[in-house]
Every structure is written in structure tokens, then in C-alpha cells.
Amino acid sequence: MPMEPGIDKTQIPPDKRAYLLRLAMSDLTEQRLHEMMESLGAKPNDNPSTLEEKVGAFYRPFMDEARVEQLGTKAIEAELNDLKNAKTRDDFAALMGRATTDFEFSLLNPAIDVDLKDLHKYAFYLTQAGIGLPDRDYYLKPDFAAQRTAYQTMSQQF
């Protein structure tokens, strides 16, 4: 997605609030990765051995929406049951502790990244977990009432 120089020539995509070179490069990288994975996923292989074959073998079932819809929550039923059965703070904390090894959620995200105070070191960061909808406006603005209602309905199923 080539960008012409000059602020007066840059078109902001409808799904973005702004468009910087960094975002343009990210979009181009995502587009290229998507095309690569689609291409690799189109080649069925029951015994992948190369990295490319493994990517294709992983991507193909991941994108099989019909199978996902057919299975519903069966694939994560045990994890959902653990969550439903958590009755105490200790039960809940134990589930959060599995967040880095399982598909459990957590209220906090542990991460190691470059230390903001000393770029030559790494630091441990503990941040608040993200929200489920794309942006806080989805929770607050009337324009997103339909999406918020659908999200709440879907969330109540779990």
C-alpha cells in the first residue's frame, strides 16, 4: 500500500483515526503475512516437516470457521467449566495463574520489555488486561449500542 509523500495526499483508511508511516508499514506487513499464510494454508499436508508446511498445517484449521461453529465451545469446555466452578478468590487466583500456560484470562498481563528508564536493560511490567471490545467508545457511545448488546449477549453464553 504505497503512500505518496505529503500530508495533503495521504488518505486515512476508514477504520483508522490517523495514518502514520508506522501504521502503513504495519498494514503492509499484515497484508503480506496474510497472503503468505493463505498460500501456505491452501496446500494440504498431513505430515508437515518444513516450517512453511507447519505454518500451513496450523493456519488451515485455525481459519476453518465452519468447523469452529460446529464445535462451538466444546474445544475449551474444560477451561470454561473450571471458570464456572471458581467460587472463591483463591479459585479465581489459581485460574489467573494459569494464564501464561493455558487459555485462561487474567486481570493482569505480565510482560518483559525494554526498560523505559534504561534502554540497555529489560524490565518486568505488570499491566491491566485489555478490554474485549476494540475501543472504550464501544462501551460508552450510543453509536455502538448494537455491537455492545451483541457483545453482552455473547459474553453471557459463557
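In short, a report on the structure. As the structure is a prediction and not an experimental result, all values here were calculated from the model.

So, the overall build of the protein chain
So, point 1. When you go through the protein chain residue by residue, the secondary structure sums to 7 helices and 2 strands.
So, point 2. Start at the N end of the protein chain and walk to the C end: the helices and strands fall as α-α-α-α-α-β-β-α-α.
So, point 3. Within the protein chain, the proportion of its 158 residues that are buried is 14%.
So, point 4. The long-range fraction of contacts in the protein chain, counting pairs at least 24 apart against all pairs at least 6 apart in sequence, stands at 8%.
So, point 5. When the accessible surface of the protein chain is summed, it comes to about 13300 Å², and 57% of that surface belongs to carbon and sulfur atoms.

Notes on the layout of surface pockets
Over the atoms rolls a probe the size of a water molecule, and in doing so it shows where empty space is left.
So, point 1. The volume enclosed by the second largest pocket comes to roughly 190 Å³.
So, point 2. If you go around the second largest pocket, the residues you meet are Pro14, Asp15, Lys16, Arg17, Pro134, Asp135, Asp137, Tyr138 and Phe144.
So, point 3. Its residues assigned to classes, the lining of the second largest pocket comprises 4 nonpolar, no polar and 5 charged.

A short note on the environment of Asp137
So, point 1. Along the chain, Asp137 turns up in helix 6 (residues 137-140).
So, point 2. When the C-alpha atoms of Asp137 and Arg148 are compared, they prove to be 10.0 Å apart, with 11 residues separating the residues in sequence.
So, point 3. When neighbours within four sequence positions are excluded, Asp137 is seen to be in contact with Arg17 and Phe144.
So, point 4. For Asp137, the side chain forms a polar contact with the side chain of Arg17, separated by 3.3 Å.

Digging into a nonpolar patch on the surface
So, point 1. A grouping of Leu108, Ile112, Tyr122, Phe124 and Leu126 is seen on the molecular surface, where their side chains present a nonpolar patch of about 620 Å² in accessible area.
So, point 2. When contributions to the nonpolar patch are tallied by element, the ones reaching two or more residues are strand 1 (108-114) and strand 2 (122-128).
So, point 3. The element contributing the most residues to the nonpolar patch is strand 2, with 3 residues.

Side note on the packing of aromatic side chains
So, point 1. Under the criterion given, the structure shown has 3 aromatic pairs.
So, point 2. An angle of 15° between the planes, with centres 6.1 Å apart, marks the rings of Phe58 and Phe62 as stacked. Of the two residues, Phe58 and Phe62 are both situated in helix 2 (residues 51-62); the distance of 4 residues between them amounts to about one turn of the helix. In this structure, Phe58 and Phe62 share a single accessibility class: exposed.
So, point 3. Between the aromatic rings of Tyr139 and Tyr151, the centroid separation amounts to 6.4 Å while the plane-to-plane angle is 90°, which identifies the pairing as edge-to-face. Highlighted residues: Tyr139 in helix 6 and Tyr151 in helix 7 (residues 145-156), separated in sequence by 12 residues.
So, point 4. Owing to a relative accessible area of 25%, Tyr151 belongs among the partly exposed residues under this scheme.

Conventions used here
Residues numbered from 1 in each chain as written. Predicted model: local features only at pLDDT ≥ 70, side-chain atom pairs only at ≥ 80, totals over all residues. Heavy atoms only, no water. Helix = DSSP H or I, 4+ residues; strand = E, 2+ residues; numbered from the N terminus. Buried < 20%, exposed > 50% of the residue type's maximum accessible area, 1.4 Å probe, protein only. Contact = heavy atoms within 4.5 Å. Areas by Shrake-Rupley, 256 points an atom, 1.4 Å probe, with all protein chains shown as cover. 1 Å grid on protein atoms, 1.4 Å probe; cavity = no way out; pocket = protein on both sides within 12 Å on 5 of 7 lines; lining within 4 Å. Points joined across faces, edges and corners; volume = space filled by probe spheres on them. Nonpolar A, V, L, I, M, F, W, Y, C, P; charged D, E, K, R; others polar. Polar contact = N/O pair within 3.5 Å; in protein donor to acceptor, adjacent residues only side chain to side chain. Patch = residues over 30% accessible without salt bridge, like charges linked within 9 Å, V, L, I, M, F, W, Y side chains within 5 Å. Salt bridge = Lys/Arg side-chain N within 4 Å of Asp/Glu carboxyl O. Phe/Tyr/Trp six-rings, centres within 6.5 Å; stacked < 30°, edge-to-face > 60°.

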